[in-house]
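# Commentary on secondary and tertiary structure
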Amino acid sequence: MGLAASQMKHESVDGMYSVKATTSYAQPQNYWSIFSEQTHVGIYSNALKSKGYTVHQTPMLNGYLLSVATPKQEISLPDLFPKTTQSSLALAEVKKEVMSAYQTFQKELRDYQSGKYWDDLQIAQEIAYRKAFRERLANTREIDSVQWNKYAKMLSWEEKGKEVWDFYSQHVQKYPSENNVMYSAELDRQIGYLHDADKEKWMWEQLKVKPDAVPLWKEYVANFDIEAFEPKIRIALQTIARLEPTTAHKMAYIQHLLDVDPVAAKKEIMTLSPSAEWSDLADTIVWMYADEENYTAALAWADYAKEIGFAQKMNWFLETRQYKLVEPLYKEYIAKNPNDQEAKSLMVSYYHDQGQFKESWIIANGMNDSPEKETVRKMLNTDVPYEKTELQQDLIANHCALFYPEVLKKLQKELRLNFGDFVEFNAAMETNQDDPAILKNLFTYNRYDRKNRIHSFGIAYNEYYKLEFVDEIYTSNLFNYTVGLEYKFTTAVVDGKPQYWARGRFEMDRFSNGFVQGGVGFSHGKEKSYKTADLSFFPAETSGGLNEKIYNIQLRGYHDRHLFNRIEASLNFEANYYTDGLLSRTLVERNPDPRETDILRTVVTELPDGSLLFEEFDDAFNAELTIRFVWDNRKVRKFKILPFLETHGYWGSRDLAVGFPYWMLKDRFYTGGGVGLEFGTDNFNINVEGGIFHDTFSSDFKRLTSLMSYQLMDFTAFTINFELYEQDKFYSNNVMLGIKHNFKPRKKR
């Protein structure tokens, strides 16, 4: 029975140690081998023989190997070593050692049978050889590439490249000759660098010993042009440019400096002259100078740049104030590139900034639909309401496509209101206390010429009423009227310049008497002031004055100024001269004292009843001055409260308080104040002002004035103004009504 063929069960029972097969095989004899120390061999031999077994003893080691055959698959022997815990542990350790020894034996047996024993012997010899080879290489100062290649390949086959490089590095550190350093390139060809870091290290070492090797410098740049090695790359590119001074090499060096050290790059660039030779670098150089706002240098290089557009160049021309070049360069460029919207947009902005609004508008109007056009369109539509009227009219008539619809509509409305031909009717009633004194009516057609000057053609109708409280002795105190034609010329409104006017009228009264009147004047408005003045002559505006053919020559002046952004101060002056006429008529029944009359100015007529009629003829004049202060900050608001103070002085040459043939006092002074209320919307504006005054003529009086305008329709407006007094003595109320309609402006030719 073999050990490998059966599974055995070991037992120690009652002093006997038994071994029994757990699997049964039918065979006549079962053979057992038992090893026993020499001291116990007799006990085991006798026990086996007592059972009738034949026992063979063979000396082995320090005992005997007993061989015995049994008919059964079991055998029993006296148990000379009964098991304890300690003995079991000892036995297990022994078993472990035996098994280990057995496994070693088995391995050695297999190695011997396979021939590996001899391989190990060969390896040992190889190791000894390599050791001797390595020592020989280490002790040779200059590297023999053949021998080192052999050694490197030998170790690389076993993937021991790191060991080779470490050995080489140690050798070079000990013997740093050019030959030894340059061998690193050969070693790379044989087994390759272990890592990029090793490659960079040895290539840099190679460059140290061969600083003029341009290919090696180029290879280094090609492999290690990264931020980590920037200082070395800078040296490499500079060296290449020095050893092989070509445009490409110089450009590569400068481009690198531009990326990492602009200051150093600028120094190199300043050694260059703008030319096509540097075109690949020109864009970068242009922007470098542009970022420094050195636009002159940027423009010098821009001609050789590939990515610098015309619009950008134009911007720099403007920055450097080379305005004379801008327009011809643009015209030359746009003739060849008519669809460059960016260039057109830039030129629009240029003309706009230069105050050439029309040129700016025309270019923008001709642009294709694009974001650039929309940008300048918005800009121009924002500003066009503030341009001169003539330009606005021209743009509307000839280049209107660029307008936003709402801007065009608003502008057309404003132009129509301000510069469209219009008809106007004004009526004014002035009273002598409660009784009407004069009613003036004027209907005009007003036409704008191509220079926006106004030609007004009018029909006038005035009524002069009899003064009811005047003594009937004045035969010229009777109702009259006049009808006449008037022409008025007004210059155009020009920013910063006065506007002038002149008018003339011829009229006839109901008695076919002819009268002429006329006048000239001007007005001039600024941001914080306004002034106006006029000189006119006309028949005195009373029935007695008209019938006596007295003329009134009138000079008026007005000036206001806004002070301290809070106070509206105004000065109003008026002077009147009345030509010679009947001033008074007196009937007396006695001879007058010569001292009571001015014989030179008095006509005495003896009446049939013997009484005398004294008629005084003379001219007269007066002057008056009004000063007002209104608290007004001029901010545009819907509703405002405007307190005011007012002072008035009057001086006259005659005392004609009765009102015939006109009203005049020797002197008068009043002062007072009040408050005004102002309310305004887009279509309606009203100003109502009430005041109370202390007066040397009438003691005290109250005054109410109002100015109101209402836009009935878009182009038809209605106005009503009045001035009412509350006092006992002479006063003159007046009410004025007006209506105006604007026609669509005619195209100016």
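Residues numbered from 1 in each chain as written. Predicted model: local features only at pLDDT ≥ 70, side-chain atom pairs only at ≥ 80, totals over all residues. Heavy atoms only, no water.

## Remarks on the sheet that holds strand β6 (residues 74-78)
Condition: Each pair of strands is called paired provided DSSP finds at least two bridges between the two strands. Under the scheme used here, helices are H or I runs from DSSP no shorter than 4 residues and strands are E runs no shorter than 2 residues, and both carry numbers assigned from the N terminus. Lines fitted to C-alpha atoms define the axes, with helix axes restricted to the stretch in contact, and inter-axis angles between N-to-C directions lie between 0 and 180 degrees.
Taken together, the three strands give an open sheet; going across it, the order is β1-β2-β6, and neighbouring strands pair in antiparallel fashion. The sheet is open, and its two borders are formed by β1 (8-13) and β6, each paired with just one other strand. Looking at each pair of strands side by side, their axes are set apart by 15° on average, direction ignored. The pairing of strand β2 (residues 16-21) with β6 spans five bridges and is antiparallel. Residue valine 19 lies in a different strand from β6, and its bridge partner there is isoleucine 75.

## Quick look at the side chain of histidine 171
Worth spelling out the cut-off: Throughout this description, a polar contact denotes any pair of N or O atoms lying within 3.5 Å of each other; where both atoms belong to protein, one of them has to be capable of donating a hydrogen while the other can accept it, and for residues adjacent in sequence the pair is counted only when both atoms sit in side chains. In what follows, a contact means two residues having at least one pair of non-hydrogen atoms within 4.5 Å.
Looking at the secondary structure, you find histidine 171 in helix α5 (residues 161-174). Of the polar contacts made by the side chain of histidine 171, one reaches the backbone oxygen of threonine 140; its length is 3.2 Å. Excluding its chain neighbours within four sequence positions, the residues that come into contact with histidine 171 are Leu137, Ala138, Thr140, Arg141, Ile143, Trp148 and Asn180.

## As for helix α6 (residues 178-191)
The test is simple: To estimate how far a helix should extend, the number of its residues minus one is multiplied by 1.5 Å. The reported bend at a residue is simply the angle between two axes, fitted to the 7 residues ending at it and to the 7 residues beginning with it.
Over its 14 residues, α6 extends 21 Å from the first C-alpha to the last, a length consistent with the 20 Å expected when each residue adds 1.5 Å. Where α6 bends most, the angle comes to about 30°, and this point is alanine 185. For α6, the elements touching its buried residues are α4 (145-156), α5 and α7 (196-209). Immediately beyond the C-terminal end of α6, within one or two residues, lies glycine 192, with a positive phi of roughly 80°.

## Here we look at the packing of aromatic side chains
Heads up, the rule is: A pair of aromatic rings is counted whenever rings of Phe, Tyr or Trp (Trp by its six-membered ring) have centres within 6.5 Å, and the orientation is called stacked for planes under 30 degrees apart, edge-to-face for over 60 and tilted otherwise. The rule is simple: take the accessible area with a 1.4 Å probe, protein chains only, and divide by the maximum for that residue type; under 20% is buried, over 50% is exposed, in between is partly exposed.
In the structure shown here, the tally under the stated rule is 35 aromatic pairs. On the basis of an interplanar angle of 35° and a centroid distance of 6.0 Å, the ring pair of phenylalanine 357 and tryptophan 361 is categorised as tilted. In this pair, phenylalanine 357 and tryptophan 361 both sit in helix α17 (residues 357-365), four residues apart, roughly one turn of the helix. Here tryptophan 361 falls in the buried class, since its relative accessible area comes to 0%.

## Re the pattern of salt bridges
Worth spelling out the cut-off: Whenever Lys or Arg places a side-chain nitrogen within 4 Å of a carboxyl oxygen from Asp or Glu, that contact is recorded as a salt bridge.
According to the stated counting rule, one finds 32 salt bridges in the structure shown. Among the ionic pairs, arginine 447 bridges to aspartate 421, the shortest N-O distance being 4.0 Å. Residue arginine 447 is found in strand β8 (residues 435-448), and its partner aspartate 421 is found in the loop between α20 (405-419) and β7 (422-432); the two are separated by 26 residues along the sequence. Owing to a relative accessible area of 35%, arginine 447 belongs among the partly exposed residues under this scheme. For aspartate 421, a relative accessible area of 5% gives the class buried. Among the salt bridges present, the one from arginine 654 reaches aspartate 618, with a minimum N-O distance of 3.1 Å. Of this pair, arginine 654 sits in the loop between β18 (639-652) and β19 (667-680) while aspartate 618 is found in strand β17 (residues 612-631), placing the two residues 36 residues apart along the sequence. With respect to class, arginine 654 is no different from aspartate 618; both count as buried. Taken together, the shared-partner salt bridges in this structure form one network comprising Glu486, Arg503, Arg505 and Glu507.

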